Amino acid sequence: MGKAKTKDKETFSFVVDLKTALSLTPQQRVRWVGKACRKVADGEASIKHLYDVLSSRKLVSEMPEKVGCRMLRIVRENLYLFSEKQQRFLTEESALAVNFTLDDRSEDEAEEPEVAAAPSRRGDDAAARMEEMMARCRDFVRQKASTFEQRRIEADEAERQAARAREKEAAERFAREWEEIREWHSRLEEWEQASMVANDERYQVHLQVCRRMRGRSRRSSGSSRGGASDEDRRRKKDKDKDREKQRRRDRGRRRHRSSSGDSHARDEDAPAQPPARRQRADEARAPSATLADLLRGNPA
């Protein structure tokens, strides 16, 4: 396995030095070593400084066996970060490898969590997993950032090709539909022509019927106008008859008036009669006089 890339101390976001590690308790040193290994893997810490810390004898001074075994296990899990020579030294000659060994018993004991440090270890493990996930995300982004523009161009080109394919398919479908319509209509052209001829014949018959009906209506209108003139003549004749009757009545009235005047003259020339006979004569003449007055329009 190759070494991780190294940078100057000032450029790393996570500083690894022996002084910081020695200021922590043994349990905290184990967690600090695990975090330092992850930072080195992400390129945020110096692999050289981490190797110097792990090679120091002061790191494992007064360290319990369980804690030392856990630290040794973490170092072995991250040996790929170091060179082959460094790996050989850390696993065979370092104070950590000499003072502590990994056997079945130590592994079982190491797997048993300490009751006092359990909550803090769970929090550290969750934080470690979160940092590891973020590191993988950053690596993925760095790897894909350089090809983003190329992938965008490829995506645009693929979209344009898909649009052209859809347009071509739509044009072909449109052409097929019109071809089907043309074939269907060609089979009906003879029937359509025959129907048009039949409709034209019916139209001619209809025109003839309309002309006949118009001729009849004209004749009927002329006869109605002649009937109206006969009616006028009848009315005029009736009026003439009425006028003739009126003239006859007028002549009769005039003759009656003249006859009434002659009777009065004869009465004046007649001799005097007795009062009783004169009264009866007056009563007999009264209706005639009254009728004459009525005929003159002067009631008594």
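Since this is a predicted model, take the numbers as computed values, not measurements.

Conventions we followed
Per-chain numbering applies: the sequence of each chain, read as written, is numbered from 1 onward. Thresholds applied to this predicted model are a pLDDT of at least 70 for local features of residues and 80 or more for the giving and counting of side-chain atom pairs; totals over whole chains, interfaces and linings are not thresholded and use all residues. As a rule here, side-chain values come from all non-hydrogen atoms in the structure, and water together with hydrogens is ignored. The working definition used for a salt bridge is a side-chain nitrogen of Lys or Arg within 4 Å of a carboxyl oxygen of Asp or Glu. Strands are runs of DSSP state E lasting at least 2 residues, helices are runs of H or I lasting at least 4, and numbering of each runs from the N terminus. Burial here depends on accessible area, computed with a 1.4 Å probe over protein chains only, as a share of the maximum for the residue type. Under 20% is buried, over 50% is exposed, and the range in between is partly exposed. Note on ring pairs: Phe, Tyr and Trp rings are taken, using the six-membered ring of Trp, and paired if centres are within 6.5 Å. Classes follow the plane angle, with under 30 degrees stacked, over 60 edge-to-face and the rest tilted. To be clear, the arc concerns the directions from the helix axis to the C-beta atoms. What makes two residues a contact is simply this: any of their non-hydrogen atoms within 4.5 Å. Between N or O atoms, a polar contact is any pair within 3.5 Å; within protein, one atom must be a potential hydrogen donor and the other a potential acceptor, and residues adjacent in sequence are included only when both atoms are from side chains. Any helix carries an expected span of 1.5 Å times its number of residues minus one. Grouping buried Ala, Val, Leu, Ile, Met, Phe, Trp, Tyr and Cys residues that are joined through side-chain atoms within 4.5 Å yields what is termed a nonpolar core. Patches draw on residues past 30% relative accessible area with no salt bridge. Two like charges within 9 Å are joined, as are two nonpolar side chains (Val, Leu, Ile, Met, Phe, Trp, Tyr) within 5 Å. Values of accessible area rely on a 1.4 Å probe in the Shrake-Rupley scheme; residue burial ignores everything except the protein chains shown. Here the positive residues are Lys and Arg and the negative ones are Asp and Glu; neither His nor the chain ends is included. By convention, the point assigned to a charge is CZ for Arg, NZ for Lys, CD for Glu and CG for Asp. Each axis is a line fitted through C-alpha atoms, and for a helix only the stretch in contact is used; angles between axes span 0 to 180 degrees, taken between their N-to-C directions. Roughly parallel means an angle under 35 degrees; roughly antiparallel, over 145; roughly perpendicular, 65 to 115; everything else is oblique. A crossing counts as left-handed when the near helix is turned anticlockwise from the far one by less than a right angle, and as right-handed when that turn is clockwise. Only Asp, Glu, Lys and Arg are considered charged in this grouping, and only Ala, Val, Leu, Ile, Met, Phe, Trp, Tyr, Cys and Pro are considered nonpolar; every other residue, Gly among them, is considered polar.

Colleague: Looking at this structure, I do not really get the pattern of salt bridges. What am I missing?
Modeller: Should their charged atoms come close, side chains of opposite charge can pair. Summed over all chains, the structure comprises nine salt bridges. Here arginine 182 ties to glutamate 179 by a salt bridge, and the two come within 2.6 Å at their closest N and O atoms. Of this pair, arginine 182 and glutamate 179 both sit in helix H9 (residues 148-186), separated by three residues, roughly a single helical turn. Accessibility expressed as a relative area gives 49% for arginine 182, which makes it partly exposed.

Colleague: Even after reading the chapter, I still don't get the packing of aromatic side chains, so can you show me in this structure?
Modeller: Given two aromatic rings, their pairing is described by the distance between the two centres and the angle made by the two planes. In this structure the tally under the stated criterion is four aromatic pairs. The interplanar angle of 35° and the centroid separation of 6.5 Å between the aromatic rings of phenylalanine 14 and tryptophan 32 together place this pair among those described as tilted. You can see phenylalanine 14 sitting in the segment before helix H1 (18-22) and its partner tryptophan 32 sitting in helix H2 (residues 26-42), a full 18 residues away along the chain. What makes phenylalanine 14 buried here is its relative accessible area of 13%.

Colleague: Even after reading the chapter, I still don't get helix H3 (residues 47-55), so can you show me in this structure?
Modeller: Residues lying three or four places apart along an α-helix face the same way, a consequence of the helix completing one turn every 3.6 residues. Among the residues of H3, those classed as buried are Ile47, Leu50, Tyr51, Val53 and Leu54. Burial along H3 is one-sided: seen end-on, the buried residues are contained in an arc of 160°. Among the structural elements, H1, H2, helix H4 (65-77) and helix H5 (84-92) are those in contact with the buried residues of H3. Two to three positions downstream of the cap, the backbone nitrogen of lysine 48 sits 3.4 Å from a side-chain oxygen, assigning the N-cap of H3 to serine 46.

Colleague: Which parts of the structure should I look at to understand H2?
Modeller: When the terminal C-alpha atoms of H2 are compared, their 25 Å separation across 17 residues agrees well with the 24 Å that a helix rising 1.5 Å per residue should span. The complete set of buried residues in H2 reads Pro26, Arg29, Val30, Trp32, Val33, Gly34, Ala36, Cys37, Lys39, Val40 and Asp42. Where H2 ends, the next residue or the one after it, glycine 43, has phi of about 80°, a positive value.

Colleague: Can you walk me through the nonpolar core in this structure?
Modeller: As a rule of thumb, nonpolar side chains are buried together in soluble globular proteins. Counting 31 residues, the largest nonpolar core has Val16, Val33, Leu50, Leu54 and Phe82 as the members making the most contacts within it. Those elements giving two or more residues to this core turn out to be H2, H3, H4 and helix H6 (95-99). Sequence-distant contacts of valine 33, defined by excluding residues within four places in its chain, comprise Leu54, Met71, Ile74 and Val75.

Colleague: Just to check I follow, could you spell out a positive patch on the surface for this structure?
Modeller: Side chains of Lys237, Lys241, Lys245 and Arg249 sit close together on the surface and give a patch of like positive charge. Examined against the element boundaries, lysine 241 turns out to sit in helix H10 (residues 189-269).

Colleague: Looking at this structure, how should I read the packing of H2 against H3?
Modeller: How two helices pack is summed up by the angle between their axes together with the distance between the axes. Across the interface, H2 lies against H3 with an axial gap of 10 Å and an inter-helix angle of 155°. With respect to their mutual orientation, H2 and H3 come out roughly antiparallel. Here H2 and H3 pass one another in a crossing that is left-handed. Judged by residue contacts, Trp32, Val33, Ala36, Cys37 and Val40 of H2 engage Ile47, Leu50, Val53 and Leu54 from H3. Within the contact of H2 with H3, the residues separate by chemical class into nine nonpolar, no polar and no charged.

Colleague: Quick question: what am I supposed to make of a nonpolar patch on the surface here?
Modeller: Together, Phe174, Trp178, Ile181, Trp184, Leu188 and Trp191 line one region of the surface with nonpolar side chains, adding up to about 710 Å² of accessible area. Looking at which element gives the most residues to the nonpolar patch, the answer is H9, with four residues. Tracing the backbone through its elements, the reader meets tryptophan 191 in helix H10.

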